[in-house]
Amino acid sequence: MTRGLGRILAARETGILIALIAIVIVAATINPRFVTSADGWRDLLLTPSLVLLVAVGSAIVIITRSVDLSVGSVVGLTAYLTGRLFIDIPGIHPVLVFVAGVLLGAVLGLINGALVAFARVPALVITLGTMYIYRGINVSWAGSDRINASDLPSGFRALGTGSIGSGPFASIPYLTIIALIVLAAAAWYLRNLRGGRELYAIGSDPAAAELYGLPVTRRIIIAFVASGALSGFAGVLYAARYGTVASNAGSGWELEAIGAAVIGGVAIAGGVGTVWGAAIGAFLLLTINRALPIIGIDDFWQQAVVGALILGAIVLDRVLAVRRHRQRIAQREETR
Amino acid sequence: MMFALGKKRSALGAAALLASVAMIATGCAANAGGGGGEGGDGATITFLPKNLGNPYFDTSSAGGERAAEEIGAVFDEIGPSEATPTSQVEFIQTAAQQGTDALVVSANDPSAICDALDEARSAGTKIVTFDSDTDPECRDLFINQADAEGIAKVQVDLIAEQIGDAGQIAILSAAANATNQNAWIELMEEELKANHPDIELVSVVYGDDDDQKSFDQTAALLQTYPELKGIVSPTTVGIAAAARYLSTSEFKGKVALTGLGTPNQMREYVEDGTVTAFALWNPEDLGYLAAYAADALISGDITGEPGDTFEAGDLGEYEVGEDGVVLLGDPFVFDAENIADFDF
Amino acid sequence: MTTTLVSTATPTHAQPAWRRWLLSREAAIIGLLALLVIFAFTSIPNFGSPLTLTYLLRDTAPILLIALPMTLIIITEEIDLSVASILGLSSVLTGVLTAGGFPFVLAALIAILAGALAGAINGFFVTVVGLPSLAVTIGTLALFRGIAVGLLGTTAITDFPEFWTDLARSTIPGTPIPSIMIPFALLAIAFAVLLHATPFGRSLYAIGLNKETAHFSGIDVARSKFLLFVLSGTVSGFAGVYFTLLYSNARGDNAMGMELQVIAAVLLGGVSIFGGRGAIHGVIGGVLLIGALGSALRLANVGSDTIQVITGVLLILSVVSASVLRWARSRRDAALGRRRQAAARATLDTTSTGTTHVP
């Protein structure tokens, strides 16, 4: 029992959770409205929820030692699709729109996965290309139009801005609940289902995984499909939250998602990390954004902070990995 | 591997490269893509707003297109997706290459595009700025929607009225370098100091004419300044985003919001009480006038000197003022009573 | 008698040099560029004007410059995603220092030095701490860009000495070729010589092909990579100064996203993302190809969104085609091998004595 507790405490995820809580406390001390006002509490939980979804998808891909740069473009494209569906098919049921968005995201992810798995080209290059392509398609489809909030049904938009309960500490926005459910599902899949665990194996040592007989190609494709589907889902929710969708929606999100995952303990080299970590990382990143101006730092410095955090995270990973390696060697010497 | 042959391959490669470059360089004796010709039939007038996908500029371009049809000129609209100082440069260059007769620009920065505009002018293109000016030396005419002081004053008057002439206010602007924004903000600050000593301007934030950014900036403002009583947003994208945020927040009705907005975007919020009154002019008239002015330049009717006059279709006759500025008219205040009468 | 059963078609290194060159990736890209130029010349109005060449070279100069050290870095199987952020940082420093009263030349030099320092930071994390360059440069991409934006916010400094801005925009007298091409040409020749004609350059290929082997053959892998990152930072710094002068505009978000354009162009130019393969002339061809394509399409009034899609498709095609070619070649080799094996077995069967062991 204590060993389990000890392991939880030493886990990376706990570390950044503590950091997150610390930042919230500091900001709230300086300006209590950060958490005590109804808006403040709601925004605290709501704003990171979208990036969280994308970060979870990115984490799944990074665990397999790949990377998906096209997530931002997928979010933009599905957000626009959402708006278009509501405009062009009046009275369409929101559930259908969700399905359509997730499906589109999954297809876009499938394209990525197929190219990476079959053409054996590094995911960096493929997703770099599809990032351009999907964004270009988005812009040319949208033209100079944009989806306006008034085009979307108010019930749908309430999903993006409303909460269960009301008031600070006593309410949770719908979006956050949805994000948490998806997060739990993804975490369960990665930990408990064989397919999920195989992703870790593939990320740790692709050659060994193949020799061992794991269906590497299939798993990689599934990872990219998951990433695309999650980004698609996030795109539909984007439309619900912001109401207005321009053709540059979601641009830059790939960096935030990958940054969140890396900070959350998902190693770029693959095979390590959890989606919980990525989720906390997303929360940390976006909460820092909002806390900076309160602490008095111009929010222009936000990206510098993000960069420093990412570097800190990967250095920490490396230091820990080296230490673990030495410990294992020492252990082996002992048991000789 | 093939290291030893590297040099030979490089040489061959370099030769092929040189051949391509030489082809372009030598083959361009003719085609000095000139612009400038007679106005009217077939003249090309190209609109280059701050960014595309902005309802305000959609309306002004519609006005420009209408004018072009009446004149018999060919209308085109090009532009970047983001309103940054340098994003317009490539479009100016393309227009210059294509030999457009006139370029009608709303500038994201007073001097960043000057060099590109000068190059276009030497290729024969007439440059008319509208809505947001550049340095006067790099354009032929500036079509100003209203007197800058008038624009500043009307917004200050509106917010003062709505918050009882005392309290904290903030400004949600567009891009930090936009000429018109900075001119108005400066004048607003002067007006506040002179006539409204009890109103304190606590912050100016920038939404970059990006909806999501303006939305998030509004949220941040309300968080950071709990005593805030009013927000002024002299940009149609900013005020629309701020209104949307306010209408679902606990501050609806408690924090006043005014600025420059389009009736269509603001109607919902005037009706639900988030916004009481705001101002603007008619952007369609602005684009219409700008196109007519451009055509007058192309055909040589005017040269941009103060005192020149020209006909602007339905709007009547206009005269060029000092510094090559043409004034459209006065700002107009929209509120619950009259907002139903407009459609733009 | 023995028969070689794993023979293939005439091995690549035994083919005549001209044939080998003609079939190389670099030749393909340069050929494509030439085709594009000819096609655009004849069918797109205004493409043939001297302005086209001037704009093309002047605007793609930063990408051309940064592509040079990027090629070397990718050949060693590393990557540098922070180049555009270093460009932005250098641009901001130039602006801030100039506005602060420093003489422009001094400001520019400090900015370039800052670029070198940034590159050294990258190099430190990659070679000394031992982190993967992808992760490090994602972090420094955000860090350097963040510092740049933090220093200036969203304002821009637009006041620079006219002498320098005019110089940056000028062309070589009598031609439409921009003056920046002179320093670029010098740098390109320097990098080409470094890469193709020096032992250091050859060692880079070795590092890219197999790090361990290179290390054991006495190549100082860490020092080489560190040097490359410093070079990349310095050139990005220089590109930042040029960019600032070109647009007369120092801003935190200058050239945002340019790193991906550089990498796309470098990969298009025949450099393998796996390392160990690539050449400078191919990369120049790749950059010019994307640039000319964009220029031609813009003149033909094709929207920048379509241009983006085409760039993405080109990039994917170029890397996938390498894979497809490899797969096709291995299939052909296998088929050939099987045919020769059958033939050899046939002759062996008809030979009487002295059959030797059939592998």
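Position numbers for residues start from 1 in each chain and track the written sequence from start to end. Going through the entries in the order they are written, you letter the chains from A and number the ligands from 1. Only residues with pLDDT of 70 or above have their local features reported here, since the model is predicted, and side-chain atom pairs are shown and tallied only from 80 upward, although totals for entire chains, interfaces and linings are computed over all residues. Hydrogens and water molecules were not included; the side-chain quantities draw on all heavy atoms of the structure.

A. How the structure looks around the overall build of chain B. Along its length, chain B carries ten helices and 14 strands. The proportion of buried residues among the 344 residues of chain B is 59%. In this analysis, two residues are considered to be in contact whenever any of their non-hydrogen atoms come within 4.5 Å of each other. Residue pairs at least 24 apart in sequence account for 72% of intrachain contacts in chain B once pairs closer than 6 positions are excluded. For the purposes of this entry, the term helix denotes a DSSP run of H or I that reaches at least four residues, the term strand denotes a run of E that reaches at least two, and both are numbered from the N terminus. Partly exposed describes any residue whose relative accessible area lies between the buried limit of under 20% and the exposed limit of over 50%, with all areas from a 1.4 Å probe on protein chains only and scaled to the type maximum.

B. Here's a closer look at the side chain of C:Arg58. Assignment of secondary structure puts C:Arg58 in helix α3 (residues 50–75). Any pair of N or O atoms that falls within 3.5 Å is considered a polar contact. Within protein, one atom must be able to donate a hydrogen and the other to accept it, and sequence-neighbouring residues count only if both atoms are side-chain atoms. A distance of 3.0 Å separates a polar side-chain atom of C:Arg58 from the backbone oxygen of C:Arg169. Other than its neighbours up to four places away in sequence, C:Arg58 contacts B:Gln93, B:Glu119, C:Ala168, C:Arg169, C:Pro178, C:Tyr242 and C:Leu246.

C. Local environment of the sheet that holds strand β7 (residues 199–206) of chain B. Residues and elements named next belong to chain B. Pairs of strands are assigned from DSSP output, requiring at least two bridges between the strands. Ordered in space as β7-β6-β8-β9, the four strands form an open sheet in which the pairing is parallel. Sheet topology places β7 and β9 (256–259) at the edges, where each strand pairs with a single neighbour. For this sheet, the mean inter-axis angle between neighbouring strands, taken without regard to orientation, is 25°. Every axis in this analysis is a line fitted to C-alpha atoms, fitted for helices over the stretch in contact. Angles between the N-to-C directions lie between 0 and 180 degrees. Each of β6 (167–173), β7 and β8 (228–233) touches helix α7 (residues 211–224); the most contacted strand, β7, lies at about 145° to it. Of the strands in this sheet, β6, β8 and β9 are in contact with helix α8 (residues 236–247), which crosses β9 at around 165°.

D. Local environment of the packing of aromatic side chains. When the centres of two rings from Phe, Tyr and Trp lie within 6.5 Å, Trp using its six-membered ring, the rings pair. Their planes under 30 degrees apart give stacked, over 60 give edge-to-face, and anything left gives tilted. This structure, assessed with the given rule, holds 23 aromatic pairs over all chains. Ring plane angle 80° and centroid distance 5.2 Å describe the contact between C:Phe163 and C:Trp164, whose orientation is recorded as edge-to-face. Exposure remark for C:Trp164: the relative accessible area of 27% places this residue in the partly exposed category. Each member of the aromatic cluster is reached from another via a ring pair, and the members are B:Phe47, B:Tyr56, B:Phe57, B:Phe75, B:Phe130, B:Trp184 and B:Trp281.

E. Expanded view of the interface of chain C and chain A. The interface of chain C with chain A comprises 40 residues on the first partner and 34 residues on the second. Summing both sides of the interface, chain C and chain A together bury roughly 3,300 Å²; the carbon and sulfur share of this comes to 84%. Salt bridges, as used here, are contacts in which a Lys or Arg side-chain nitrogen is within 4 Å of a carboxyl oxygen on Asp or Glu. Summed over the shared surface of chain C and chain A, the result is zero salt bridges. The interface formed by chain C and chain A holds two residue pairs in polar contact (both at pLDDT 80 or more) in total. Mapped by element, the contributors of at least two residues to the side of chain C that touches chain A are α6 (133–152), α12 (258–268) and α14 (304–350) of chain C. Here the residues of the side of chain C that touches chain A sort into 26 nonpolar, twelve polar and two charged. When two parts are put together, the accessible area they lose, computed with a 1.4 Å probe and summed over both, is reported as buried area. Nonpolar residues are Ala, Val, Leu, Ile, Met, Phe, Trp, Tyr, Cys and Pro. Charged residues are Asp, Glu, Lys and Arg, and all others, Gly as well, are polar.

F. Quick look at unusual backbone geometry. You will see that B:Asp208, though not glycine, has its phi angle at about 55°, which is positive. Although it is not a glycine, C:Ser248 sits at a positive phi angle of roughly 50°. Note that C:Ser248 resides in the loop between α11 (221–247) and β2 (250–251).

G. Main features of a negative patch on the surface. All names here are of chain B. Patch definition: residues above 30% relative accessible area lacking any salt bridge, with like charges linked at up to 9 Å and the nonpolar side chains Val, Leu, Ile, Met, Phe, Trp and Tyr linked at up to 5 Å. Surface accessibility in these figures is a Shrake-Rupley result with a 1.4 Å probe; residues are shielded only by whichever protein chains are displayed. Charge assignment: positive for Lys and Arg, negative for Asp and Glu; neither His nor the chain ends contribute. Each charge is placed at NZ for Lys, CZ for Arg, CG for Asp and CD for Glu. The grouping of Asp147, Glu149, Glu186, Glu189, Glu190 and Asp330 at the surface amounts to a negative patch. Ranked by residue count, the leading element in the negative patch is helix α6 (residues 179–195), at three residues. Here Glu149 lies in helix α5 (residues 148–163).

H. Structural view of the nonpolar core. We call a set of buried Ala, Val, Leu, Ile, Met, Phe, Trp, Tyr and Cys residues a nonpolar core when their side-chain atoms join them within 4.5 Å. Grouped together as the largest cluster of nonpolar side chains are 318 residues, with contacts concentrated most on A:Val275, B:Ile143, B:Phe310 and C:Met258. Beyond its immediate chain neighbours, meaning those up to four positions away, B:Ile143 contacts B:Val128, B:Thr129, B:Phe130, B:Asp131, B:Leu286, B:Leu289, B:Ala290, B:Ala293 and B:Val326. With five residues, the next largest nonpolar core counts C:Ala40, C:Phe47, C:Ala296 and C:Leu299 among its residues.

I. Looking closely at the sheet that holds strand β13 (residues 325–329) of chain B. Residues and elements named next belong to chain B. With parallel pairing, six strands are arranged side by side in an open sheet as β2-β1-β3-β4-β5-β13. Pairing within the sheet leaves two strands with one partner each, and these edge strands are β2 (74–77) and β13. For this sheet the average axis-to-axis angle between neighbouring strands, irrespective of direction, equals 20°.

J. Representation of the state of the cysteines in the model. All names here are of chain B. Cysteine sulfur pairs qualify as disulfides if the two atoms are within 2.5 Å. For the coordinates displayed, the defined rule picks out one disulfide over all chains. Each disulfide pairs two cysteine sulfurs, and for Cys114 the partner residue is Cys138, the sulfurs being separated by 1.8 Å. Of the two residues, Cys114 is situated in helix α4 (residues 114–122) and Cys138 in the loop between β4 (126–130) and β5 (141–146); the sequence distance between them amounts to 24 residues. Cys138 matches Cys114 in its accessibility class, with the two residues each being buried.

K. Seen up close, the packing of α3(C) against α12(C). Residues and elements named next belong to chain C. Between α3 and α12, the least distance of the axes is 9 Å, while the angle of their chain directions is 65°. Handedness of the α3/α12 crossing: right-handed. For the pair α3 and α12, contact is made by Pro62, Ile63, Ile66, Ala67, Met70, Thr71 and Ile74 and by Met258, Gln261, Val262, Ile263 and Val266, respectively. The hand of a helix crossing depends on one turn: near helix anticlockwise from the far one by less than a right angle means left-handed, and clockwise means right-handed.

L. Examining helix α10 (residues 194–204) of chain A more closely. Buried within α10(A) are the following residues: A:Gly195, A:Gly196, A:Glu198, A:Leu199, A:Tyr200, A:Ile202 and A:Gly203. Its buried side turned inward, α10(A) meets α4 (38–63), α9 (174–192), α11 (206–212) and α12 (216–242) of chain A.

M. How the structure looks around the confidence of the model for chain B. Residue and element names in this part refer to chain B. Across chain B, pLDDT averages 83, with 88% of residues at or above 70. Across chain B, strand β3 (residues 102–105) holds the top mean pLDDT of 94, while helix α1 (residues 6–26) sits lowest at 46. pLDDT expresses how confident the predictor is about each individual residue, on a scale running from 0 to 100. Contacts of residues 1–16 to residues separated by more than four positions or lying in other chains number 19 contacts, the stretch itself having pLDDT below 50. Interface confidence in the predicted complex, given as ipTM, is 0.85; pTM for the same model is 0.83.

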